[in-house]
Amino acid sequence: MTAALAASWSATLRYARAAADHFWCTVEDRCPGTLPEREAAVFLAALGRLAAGGDDPAGRAALLAVLGRAYRRYRLLPHQLTIEAALTATVARHAPWTPELAAAWARAARRASAAVTGSAARVDDGPAWWPAQVVGHDRPADGIAILTVRPWRRLPFRPGQAVPVCTERWPGRWRWYSPANAPRPDGTLEFHVRAVAAVSRALLHAVRPGDRLWLGPPHDTGLELDPASRADLLLAAGGTGLAPLRALVEQVAAAPAGRLLTLVVGARTFADLYDSISLDKLQCAHDWLTVVPALSHDPLAEPGERGDALTVALDHHRPDQEVYVCGPPLMVAGSRLRLLAAGVPAERTHLPDGFPG
């Protein structure tokens, strides 16, 4: 029945506004004063997506992070049966309905409710999402966008963390992105997006300044700096894995404490170094920072070095450094063994540990 669940949920989303109104009225009638009406559309889209299934593990983790916070914030845990019934009734109102589909949605709603209950026990308190406006959209290279967004209220995050992001163009689909900056006085965040799936393609090709996004609660990924450490740093970035590592550079810039930092940025050719202007500005402003382009498919490799990011980074490794690596899955998958083989202790190695879930 997985395909039937997905099809009926897609049919419901064709009437998204009416579906949200029906869902909220049902919940409000039975549990008045719990879910705010203004939040019903975002809540329903996420819950319905979770119940209908079809997400990869990272997408499901993002949904659970957002919904777990929402259940805690709006004290919905005692009202799970009402939420499940409201979800099923909303789909029944807007999609072709059969007894078999009704039973399938009842089971799916129960499974989603159980998963959210587990997530709510693991998350802390706070807003479930932050509405944000896109204030900048640049295309620095083919297939890559840099989005600058301004939340309506400040989102508290630490460099290296990841944030669930949702666009109005794909309701209920949340995907993880790491801010490429340390917290700024104006509260804006910068996201580096490569077009690999539906949400990222929308962020790249369809979203424009003035559009609205939602940002979920930040989560650790294993790339955060140890606040007690003052060790020198070696960072190796591949593709848009540069984003969280550039945020670490900005964090050190706010309080350098005498530490040296080498950032190796991997790309196929020099033309593929999509964030070179920002990196040049950082390097010119800070004498403790060395930026090394690593060009894997450029026979001249000028003004960088020839090789993949991790190989070039190991050429710059010193025994006292903490090493951070972020990039495409294939790059990260083999990094730990390569670093160990090169003599980098496991306790000094920091890789993204997958998105929380």
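What counts as what
Residues numbered from 1 in each chain as written. Predicted model: local features only at pLDDT ≥ 70, side-chain atom pairs only at ≥ 80, totals over all residues. Heavy atoms only, no water. Phe/Tyr/Trp six-rings, centres within 6.5 Å; stacked < 30°, edge-to-face > 60°. Helix = DSSP H or I, 4+ residues; strand = E, 2+ residues; numbered from the N terminus. Buried < 20%, exposed > 50% of the residue type's maximum accessible area, 1.4 Å probe, protein only. Axes fitted to C-alpha atoms, helices over the stretch in contact; angles between N-to-C directions. Parallel < 35°, antiparallel > 145°, perpendicular 65-115°, else oblique. Left-handed = near helix turned anticlockwise from the far one by under 90°. Contact = heavy atoms within 4.5 Å. Nonpolar A, V, L, I, M, F, W, Y, C, P; charged D, E, K, R; others polar. Salt bridge = Lys/Arg side-chain N within 4 Å of Asp/Glu carboxyl O. Pairing = 2+ DSSP bridges.

With that settled, the discussion passes to the packing of aromatic side chains. This structure, assessed with the given rule, holds four aromatic pairs. Ring plane angle 50° and centroid distance 6.2 Å describe the contact between W9 and W105, whose orientation is recorded as tilted. Taken as a pair, W9 in helix α1 (residues 2–13) and W105 in helix α6 (residues 99–122) lie far apart in primary sequence, 96 residues in all. Residue class for W9 comes out buried when judged on its relative accessible area of 4%. Through a chain of ring-to-ring contacts, three or more aromatic side chains come together here, namely F23, F43 and Y71.

Axis separation between helix α3 (residues 40–52) and helix α4 (residues 57–73) bottoms out at 10 Å; the angle between their running directions is 130°. The orientation of α3 relative to α4 falls into the category oblique. Relative to α4, the crossing made by α3 is left-handed. Across the interface between the two elements, F43, A46, L47, R49 and L50 from α3 touch R60, L63, L64, L67, A70 and Y71 from α4. Across the contact of α3 with α4, the residue classes tally to nine nonpolar, no polar and two charged.

Let's shift gears to the pattern of salt bridges. Overall, the coordinates contain 17 salt bridges when judged by the stated rule. With its nearest N and O atoms 2.6 Å apart, the salt bridge here joins D220 to R158. Remark: R158 occurs in the loop between β2 (144–151) and β3 (163–167) and D220 occurs in the loop between β6 (212–215) and β7 (233–238); sequence separation between them is 62 residues. Its relative accessible area of 44% is what places R158 among the partly exposed residues. For D275, the salt bridge identified is with R246, shortest N-O distance 2.8 Å. Placement of D275 in the loop between β8 (261–267) and α9 (276–285) and of R246 in helix α8 (residues 242–254) is noted, with a sequence separation of 29 residues between them.

The next thing to look at is the sheet that holds β8. Pairing is parallel in the open sheet, where six strands are placed in the order β10-β9-β8-β7-β11-β12. Edge positions in the sheet fall to β10 (305–306) and β12 (349–350), since each of these pairs with one other strand and no more. Pairing between β7 and β8: six bridges, direction parallel. Bridging across to β8, A236 finds its partner in V264. Strand contacts of α8: β7, β8, β9 (289–295) and β11 (322–326), with the helix running at about 150° to β7, the strand carrying the most contacts. Packed on one face of the sheet, α9 meets β8 and β9 and runs near 145° to β9.

Secondary-structure assignment places L273 in the loop between β8 and α9. The spatial distance from the C-alpha of L273 to the C-alpha of L5 is 42 Å, given a sequence separation of 268 residues. Apart from residues no more than four positions distant in its own chain, L273 is found in contact with V265, A267, P293 and L295.

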